[in-house]
Structures are given as C-alpha cells and as structure tokens.
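In case you want the letters, here they are:
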Amino acid sequence: MSVPVLEVQELTVEYVSDERAVRGADRVSFTIHAGEIFGLAGESGCGKSTIANSIMRLLKDPARITHGKILFDGKDVLGMDEAELRAWRWNNVAMVFQSAMNSLNPVTRIGEQFVDVIRTHRGGTRATAMQRAEELLKMVRIDPARLRAYPHQLSGGQRQRIVIAMACALNPRLLILDEPTTALDVVVQQEILEQIRDLQNELGFAILFITHDMSLMLELSNRIGIMYGGRIVELAPSRILHHDSRHPYTQALLGAFPPLHGPKVKLTGLAEGVKFTNVQDLEDHGDGHWVAPTDQPVLSQGEAL
Amino acid sequence: MSFLLRRLGFYLLAFWASITLNFLLPRLMPGDPVTRMLSRSQQRLEPQQVEALRTLMGVDGGPIIPEYFAYLGRILTGDFGMSISRFPTPVSEVIASQLPWTLLLGLTSLIIAVILGNLLGILAAWRRGGFLDSIAPPLLVFIGSFPYFWLAMGALYIFGISMGVAPMRHAFSVGLVPGFNLVFILDVAAHLILPALTIVLVSLGGWMLGMRNTMIATNSEDYILMAEAKGLRPHRIMLNYAARNAMLPSVTSMGMSIGFIVGGALLTEVVFAYPGVGYQLLGAVQGLDYPLMQGMFLTITAAVLIANFLVDLVYVRLDPRVRKG
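About the thresholds
- Sequence order sets the numbering: in each chain, residues are counted from 1 along the sequence as written.
- The order in which chains are written sets their letters, starting at A; the order in which ligands are written sets their numbers, starting at 1.
- Where local features are concerned, this predicted model is filtered to residues with pLDDT of at least 70; where side-chain atom pairs are given and counted, the filter is 80 or more; whole-chain, interface and lining totals use all residues.
- Side-chain calculation: all heavy atoms of the structure are included, whereas hydrogens and water are not.
- The way it works is that DSSP assigns letters per residue, a run of H or I at least four long becomes a helix, a run of E at least two long becomes a strand, and they are numbered from the N terminus.
- We take the radius of gyration over the C-alpha atoms and set the globule estimate at 2.2 Å times the residue count to the 0.38 power.
- The buried label applies to any residue whose accessible area, calculated with a 1.4 Å probe on protein chains only, is under 20% of its type's maximum; exposed applies above 50%, and partly exposed to all values in between.
- Contacts are assigned to residue pairs with any non-hydrogen atoms lying within 4.5 Å of each other.
- The accessible surface values rely on the Shrake-Rupley method and a 1.4 Å probe; as for residues, cover is taken only from the protein chains in view.
- Neither His nor the chain ends contribute to the count of charged residues, in which Lys and Arg are positive and Asp and Glu negative.
- Think of each charge as sitting on NZ of Lys, CZ of Arg, CG of Asp or CD of Glu.
- Any two strands with at least two DSSP-identified bridges between them are counted as paired.
- Remark: nonpolar core denotes a set of buried residues (Ala, Val, Leu, Ile, Met, Phe, Trp, Tyr, Cys) joined through side-chain atoms within 4.5 Å.
- Whenever two N or O atoms come within 3.5 Å, that pair is a polar contact, provided that in protein one can donate a hydrogen and the other can accept it, and provided that, for residues adjacent in sequence, both atoms are side-chain atoms.
- Axis lines are fitted through C-alpha atoms, for helices just across the contact stretch, and the angle between N-to-C directions can take any value from 0 to 180 degrees.
- Helix crossings fall into two classes, left-handed where the near helix is turned counterclockwise from the far one by less than a right angle and right-handed where it is turned clockwise.
- As a working rule, the residues Ala, Val, Leu, Ile, Met, Phe, Trp, Tyr, Cys and Pro are called nonpolar, Asp, Glu, Lys and Arg charged, and the rest polar, with Gly in that last group.
- Note on aromatic contacts: the rings of Phe and Tyr and the six-membered ring of Trp form a pair at centre separations within 6.5 Å, being stacked when their planes are under 30 degrees apart, edge-to-face when over 60 apart, and tilted otherwise.
- Domain borders in the structure are assigned automatically or taken from a domain database.
- When two parts are brought into contact, each loses some accessible area as probed by a 1.4 Å sphere; the total of that loss over both is the buried area.
- When a carboxyl oxygen of Asp or Glu lies within 4 Å of a side-chain nitrogen of Lys or Arg, that pair is called a salt bridge.
- Both site types are read off a 1 Å grid over the protein atoms alone. A 1.4 Å probe that fits but cannot get out defines a cavity, while an open set with protein on both sides within 12 Å along at least five of seven lines defines a pocket; lining residues have an atom within 4 Å of a point.
- Grid points are joined across faces, edges and corners, and a volume is the space filled by probe spheres set on the points.

Describing the overall build of chain A
Phase 1: When its secondary structure is counted, chain A shows nine helices and twelve strands.
Phase 2: By the compact-globule yardstick of 19 Å for 305 residues, chain A fits well, its C-alpha radius of gyration being 20 Å.
Phase 3: Oriented by its inertia axes, the alpha-carbon framework of chain A measures out at about 60 × 45 × 40 Å.
Phase 4: A total of 305 residues make up chain A; the buried ones form 50% of that total.
Phase 5: A separation threshold of at least 6 residues defines the contact pool for chain A, and within that pool the share at least 24 residues apart is 67%.
Phase 6: As displayed, chain A offers around 13700 Å² of accessible surface, 49% of which is attributable to carbon and sulfur atoms.
Phase 7: Between the centroid of the 31 positive side chains of chain A and the centroid of its 37 negative side chains there is a distance of 6 Å.

Structure representation (structure tokens):
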C-alpha cells in the first residue's frame, strides 16, 4: 500500500479565453498508492473530470495545465513527448469515460477495437490479440461471441463492461473511472461495481474513482477527496470521512444522499446561496485526515447550512 | 439482406412509376404533340413517319390500356422508338453513342473531386485552424463561385488557344479510329483533361467543406477521445475512427451525384464541344424530338435509381446500424 503509483502535486488547470481565465482545478494534490481505490467526489463542474483528463493529458484547448506536477511511478507525465505519451497511455493508465456508452466506435466490430489497442502496444498477430480479447470478455462475463457485434447491438451495461474489459487489456497499473455508472440504472450499477472490485482483486491495479454519487463512493473507495470549485476541501480514508467529516461542504454532500439501511433521516444540503470562496490549503487532522479551514460553521446531523 | 431486397423492390416500383408517367405525359398534354411537331417541321415528314410517331406516343386513338401494356413491353425490350431529329436512327442507338462519353467525363471528374475533396476536408478538420484549414476552404469556395462557363472558356482560352497545349474540341482527334490501343487512349485522355479539370475545380470546394464540417463534429465524439487515450497513432485515429464515421454523408451525396452524371454536363459539353447526353438532350428539346427526350428521361431515371441502389449497397458495408433499418 505504500508505493505511490500516481502523485499529483499542486495541479492547476486553466480554461483560457481572450477575456479571462477560469481555473478548472486549483493547486490540487493527492497521491494514489499501488492497489488503492482513491475517490474524487464533488458536484458537477467542480473539476473532477478536468483532473482525470489532465492525468492522461487529454485536455483540449482552451484548457491548459499552468502549474503543478503529475508523477507516475516517479516519472514526469507532463514532460513526456508525443511518442512516449502514446506508449504510456493505456499501457500504464487506462480510462473509462463518463459516457462510456459512446466510447466505442460505432462502425467497427467490438473485436476490432480490442485488436486495435492490443496490437498497437503489444504487437503480435491478429489471432493472438483476438484470443486475448476473448479472455477479457469472459472476465466481465460477456459471451466472447459478442466480439463480432457492433456497439449498437449491445445494451448500455454491456457496452460499459466491454469498455472496462478493454481498459484491463494491457494490465495497467492505474484505472481511471470517470463516472462509469452515471448513465446506468441502479441494478446494473451494482453489477458493474461488483465486477470492478473483482477485477481489481484479480489484477491488482489502483483506481481513481470519480463520481458525484456519495453512496457509491463510500462503498468502493479506500480514501476519498472532496472537491469544490476546483479545490480539494477535505481528504480522508472513507471510514473517517463517512463518520467524522469536518468540512461543511462534505457534510452537505453526505447529507444529500439517503442511507440505504437504518432509520429514516431527513436529507440536508447546502442552503440557498451558500458559497465557499478562497478555499485555503488543507490542514492535517491526524490519521490521514486533511481538511481545508473554513469560517462556515460545522453542521450537526440533519441541519441545513 | 432483406433490407437490400426491400430497397430493390422500392426502386423497381419507382422505375415503373416513371415509365407510366412517361407514357401518360404526351396524352395529358393539350393538343397532339405529333401535330405540333409537324407544324414545326413544316410537313417534311412522310405519312408513315407520322403514323409511327402517333403509335409510339400513344396518340393514335387506340384504347389506352392495351396501348399502355404494348408501351411497357417495348420499353422493357429496350425499344424506345425512332429519333425524329436523327431519323431513322433508333433512340436507343443515339443514347448508346453518347452515354459512354458522358459517363467517362462525369465519373472521372466526380471520382477525382470526391477523393481529393474528402482528403482535403479530413486533413483540414484534423488540423483545425491550421494552414490548410485557413487557406483551402475560402480559396475553393471562391473558385467554385465563378460562373462555370466563364471558368471553362477561360481555361480553354489559356490552355487551348494561347498556349496550345490542350485540344480544343471533341472527345478524340478527328480522323483517329476508335479502338483499344495506346494511341487512342492517350488521345482520349488528352481531350478529357481540360473538361474534367474544370468540373473538379468548381466542385472541389463543396466536397471539402462538407467533409470538413462533418469531421469537426465527429472529432468531438467520445470515441475519438477514447481512441486517443488508448494511445493509438494519430493517423489511425484520423482515418479509422474519425473519417470512417464522417464519410457517411459524403457517400450519400456521391451516390446522388453519380445518378445525375447521366443527365450530362451540359455547359461542359457545349464549351468543349464534347459529345454527351447533355448536348444531345438540348438538341432533342430544341428539335421537339419527343421519342429521344422520353428515352433520355427514362435513362436518367434508371441511372439515378441504380446509383441510389449502389449507395445502399456501399452504405450497408460502411454503417452497420442501417442493416436492420
């Protein structure tokens, strides 16, 4: 657990236009260790996907990384040239996108898309790549015959599992899951999460898990960072975060989801118009619990800010 | 498969409808086309010709239903009757002598324009805002908006008259015997260059812009981002992922263009005195050559339908999603 796979240091991403620059991520720092599941949670637009895309260097104009470092196994990702980057992508870090439903090329067979990525990185014949694709499909419990199918012939859940299988194709050390289940219903969500957990046990990769769904997040992650307005406001092991959150935004986020078990609880959230501006750097609260200091009062259970 | 059969059925139905219209049109027109033609040609036709014309156009007063079936039978055996303006050549022969040249000119220029235009569009969209993307579209649209005959005459003046490097007229040099030998083929190619080039020049912009715009939309699709994350080579993403999806609308418009080729490129044929269907059709209209006009309309209809069917065939290969349609 102690070997860091990914270190993000003071990452700042700006969306630059002619008139002004908006910070999509602001001095974000976190570390993901080998085999760990690290969660990033927060509302829409808080910068979760920006972080995911900058780790793989997939940011498009007008977004650019203006400050900070991304180290993968100690190697500087931001310093890689095009060829290094291509070889590194998917081989070491694979990603399941927010809309994995549309992540597959609609005009080529599923099998071809596996072969494409396997042969680009590993070489070998078409037949061996196909064989590997069959194994991968079996791992996510999809009939290998479906390799002959086109994406539109599969259900949303199947497509999502195929993308996950594809992400495992090269045994990456880190898997980025950017809201992998948002477009799916709750039952399929559970199946997929189950599968991700199984795959992780089997293959031992680390996961960066991004979602706004706190119940999913608490269920899956070892450690969680809560983002707000491009900054991390609280970072803690999930057990501590669940029961002993210190930042009012974290509490509001947790309060916005009904617990699946136990007595009825009144849902709470941020009151109208509450905003956190100028979020300070995190302070150590012990046991790996880091919180950004704030003037806003800490909430007790069931109370709106 | 059932998709293609259904399409085929639809095209056969459409073809039957156009034959029927072709049969009905002379009957629906006020007056008698034969009489009008006679007044135009100042009674220079023989009485048998007049009779033949009447029979051909179904205006000889016979009952309409048997006439209709007789007409259908003649059409299906390729008998379109006699041309009036080039009497006594059968209409099918007149068309057959012009069609190869029209097809040669039309297909050559279309294929070049489509391939070149799409490639330019792909590259421009891939490097959006780059050099090619900023220069090519405005330039090509500028050229494309010249009146075609002006451009064609300009080209003919510069290359044909001033520089004398291009042949001035016809599809091959006078006195050359058509045959499958190198001399003849080279001569035909030399005569083809200028007409084809001018057509390519004016149509290139449309193909390029169409492809560029679809491609830009495709480039923001999630599967392009995923392909990038997969670490694939840029040219592979550009061709197999982006262009492969973006080319679908292009295929449709190419199919429609193939169909209309058979109608001939009238202006090109006039300026370069190139033998072709367009020129012939103009002659038929001016000479009130009804049988020839009817024959040509049917040929054009058939060509459009066949081209559409070809597009369906190709489309099924390119886009798996329409197979169930």
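Having put the structure on the table, let's press on.
Quick word on the sheet that holds strand β4 (residues 63-72) of chain A
Sheet strands associate in pairs through backbone hydrogen bonding, adopting either a parallel or an antiparallel arrangement.
Residue and element names in this part refer to chain A.
Phase 1: As summarised here, the arrangement of the four strands in space is β2-β1-β4-β5, forming an open sheet in which the pairing is antiparallel. On the outer flanks of this sheet lie β2 (21-33) and β5 (75-76), each paired with one strand and no other.
Phase 2: Relative to β4, strand β1 (residues 4-16) is paired through eight bridges, and the arrangement is antiparallel. Across the sheet, Glu-7 pairs through a bridge with Leu-71, a residue of β4.

Quick word on the nonpolar core
Phase 1: With 95 residues, the main nonpolar core has A:Phe30, A:Phe114, A:Leu174 and A:Leu208 as its most contacted residues.
Phase 2: Among the elements that line this core, the one with the most residues is helix α5 (residues 156-167) of chain A, at six residues.
Phase 3: Setting aside chain neighbours within four positions, we find A:Phe30 in contact with A:Leu6, A:Glu7, A:Val8, A:Phe38, A:Leu40, A:Ile51, A:Ile55, A:Leu208, A:Ile232 and A:Leu235.
Phase 4: Judged by nonpolar contacts, the second largest core, of 23 residues, contains B:Val262, B:Val277, B:Met296 and B:Ala303.

Regarding the side chain of A:Asp26
Residues and elements named next belong to chain A.
Phase 1: Here Asp-26 shows up in strand β2.
Phase 2: A distance of 2.9 Å separates polar atoms of two side chains, one belonging to Asp-26 and the other to Arg-23.
Phase 3: With sequence-adjacent residues up to four places away left out, Asp-26 is seen in contact with Leu-11, Thr-12, Gly-230 and Arg-231.

Section: the side chain of B:Glu269
Residue and element names in this part refer to chain B.
Phase 1: If you trace the backbone, Glu-269 turns up in helix α12 (residues 266-271).
Phase 2: Within polar-contact distance, the side chain of Glu-269 engages the backbone nitrogen of Tyr-279 at 2.6 Å.
Phase 3: Apart from residues no more than four positions distant in its own chain, Glu-269 is found in contact with Thr-102, Gly-264, Tyr-274, Gly-276, Val-277, Gly-278 and Tyr-279.

Structural notes on the packing of helix α5 (residues 91-126) of chain B against helix α8 (residues 182-219) of chain B
All names here are of chain B.
Phase 1: Packing of α5 against α8 brings their axes to within 4 Å, and their N-to-C directions diverge by 35°. Judged by the twist between their axes, the crossing of α5 over α8 is right-handed.
Phase 2: A class-by-class count of the residues in the contact of α5 with α8 yields 26 nonpolar, seven polar and one charged.

A closer look at the sheet that holds strand β11 (residues 283-284) of chain A
Phase 1: Strands sit in the order β6-β7-β8-β3-β9-β10-β12-β11 (chain A) across an open sheet of eight strands; the sheet is mixed. Each edge of the open sheet carries a strand with a single partner, namely β6 (93-96) and β11 of chain A.

With respect to the environment of B:Thr198
All names here are of chain B.
Phase 1: Considering the arrangement of structural elements, one finds Thr-198 in helix α8.
Phase 2: Residue classification places Thr-198 among the buried positions, given a relative accessible area of 3%.
Phase 3: Counting along the chain gives 70 residues from Thr-198 to Thr-268, while the straight-line C-alpha distance between them is 8.4 Å.
Phase 4: In this structure, Thr-198 is in contact with Tyr-148, Leu-151, Ala-152, Ala-155 and Phe-272, ignoring residues within four places of it in sequence.
Phase 5: Engagement of the side chain of Thr-198 in a polar contact is seen with the side chain of Tyr-148, the distance being 2.8 Å.

Comments concerning helix α10 (residues 234-246) of chain B
Phase 1: Those residues of α10(B) that sit buried are B:Ile237, B:Met238, B:Tyr241, B:Ala242, B:Ala243, B:Arg244, B:Asn245 and B:Ala246.
Phase 2: Summarising the contacts, the buried residues of α10(B) are in contact with α3 (110-122) of chain A together with α5, α8, α9 (222-229), α11 (248-261) and α14 (290-318) of chain B.

A word on the packing of aromatic side chains
All names here are of chain B.
Phase 1: In this structure the tally under the stated criterion is 15 aromatic pairs over all chains.
Phase 2: On the basis of an interplanar angle of 80° and a centroid distance of 6.0 Å, the ring pair of Tyr-11 and Phe-309 is categorised as edge-to-face. Within this pair, whereas Tyr-11 is found in helix α1 (residues 2-28), its partner Phe-309 is found in helix α14, the two being separated by 298 residues in sequence.
Phase 3: The exposure class assigned to Tyr-11 is buried, which follows from its relative accessible area of 8%.

Remarks on the domain arrangement of chain B
All names here are of chain B.
Phase 1: Per the domain assignment, the segments of chain B are domain 1 (2-76) and domain 2 (93-316).
Phase 2: Taken together, the contact pairs 21 residues of domain 1 with 15 residues of domain 2.
Phase 3: Here domain 1 and domain 2 share an interface that buries about 1600 Å² over both sides, 74% of which is from carbon and sulfur atoms.
Phase 4: The largest contributions to the domain 1 side of the interface with domain 2 come from Leu-4, Tyr-11 and Asn-22, which together make up 34% of the buried area.
Phase 5: Linking domain 1 with domain 2 are one salt bridge.
Phase 6: One salt bridge connects Asp-312 with Arg-7, and the closest N-O pair in it is separated by 3.0 Å.
Phase 7: There are three residue pairs in polar contact (both at pLDDT 80 or more) connecting domain 1 and domain 2.

Observations regarding empty space enclosed by the protein
Residues and elements named next belong to chain B.
Phase 1: Per the stated rule, a full pass over the model turns up two cavities of 30 Å³ or more.
Phase 2: In this structure, the second largest cavity spans a volume of roughly 30 Å³.
Phase 3: Looking at the second largest cavity, the residues that line it are Pro-167, Met-168, Arg-169, His-170, His-191, Leu-194, Pro-195 and Phe-272.
Phase 4: Of the residues contributing to the lining of the second largest cavity, the split by class is five nonpolar, two polar and one charged.

Notes on the pattern of salt bridges
Residues and elements named next belong to chain A.
Phase 1: All chains considered together, the criterion is met by 20 salt bridges over all chains.
Phase 2: The closest approach of N and O atoms between Asp-198 and Arg-141, which form a salt bridge, is 3.3 Å. A residue pair is termed long-range when its members are at least 10 positions apart, and Asp-198 in helix α6 (residues 186-203) and Arg-141 in the loop between α4 (126-139) and α5 qualify at 57 residues.
Phase 3: Under the relative-accessibility criterion, Arg-141 is labelled exposed at 57%.
Phase 4: Between Asp-244 and Arg-246 there is a salt bridge, with the nearest N and O atoms lying 2.8 Å from each other.
Phase 5: The exposure class assigned to Arg-246 is partly exposed, which follows from its relative accessible area of 30%.

Let's talk about the pairing of β6(A)
Residues and elements named next belong to chain A.
Phase 1: With burial as the criterion, each face of β6 is covered, one bearing Val-93 and Met-95 and the other bearing Ala-94 and Val-96.
Phase 2: Here four bridges tie β6 to strand β7 (residues 174-178), and the two strands are oriented parallel to one another. Within the sheet, the bridge partner assigned to Met-95 lies in β7 and is Ile-176.

A short note on the interface of chain B and chain A
Phase 1: Counting from both sides, the interface comprises 22 residues of chain B and, opposite them, 25 residues of chain A.
Phase 2: Taking both partners together, chain B and chain A bury about 2300 Å²; carbon and sulfur atoms supply 58% of that area.
Phase 3: Contact with chain A buries surface across chain B, with B:Met226, B:Ala229 and B:Lys230 losing the most and accounting together for 27% of the total.
Phase 4: Summed over the shared surface of chain B and chain A, the number is two salt bridges.
Phase 5: The shortest N-O distance in the salt bridge between B:Arg236 and A:Asp116 comes to 2.4 Å.
Phase 6: Across the chain B-chain A interface, the total number found is nine residue pairs in polar contact (both at pLDDT 80 or more).
Phase 7: Looking at the side of chain B that touches chain A, the elements with two or more residues in it are α9 and α10 of chain B.
Phase 8: Tallied by class, residues from the side of chain B that touches chain A come to nine nonpolar, three polar and ten charged.

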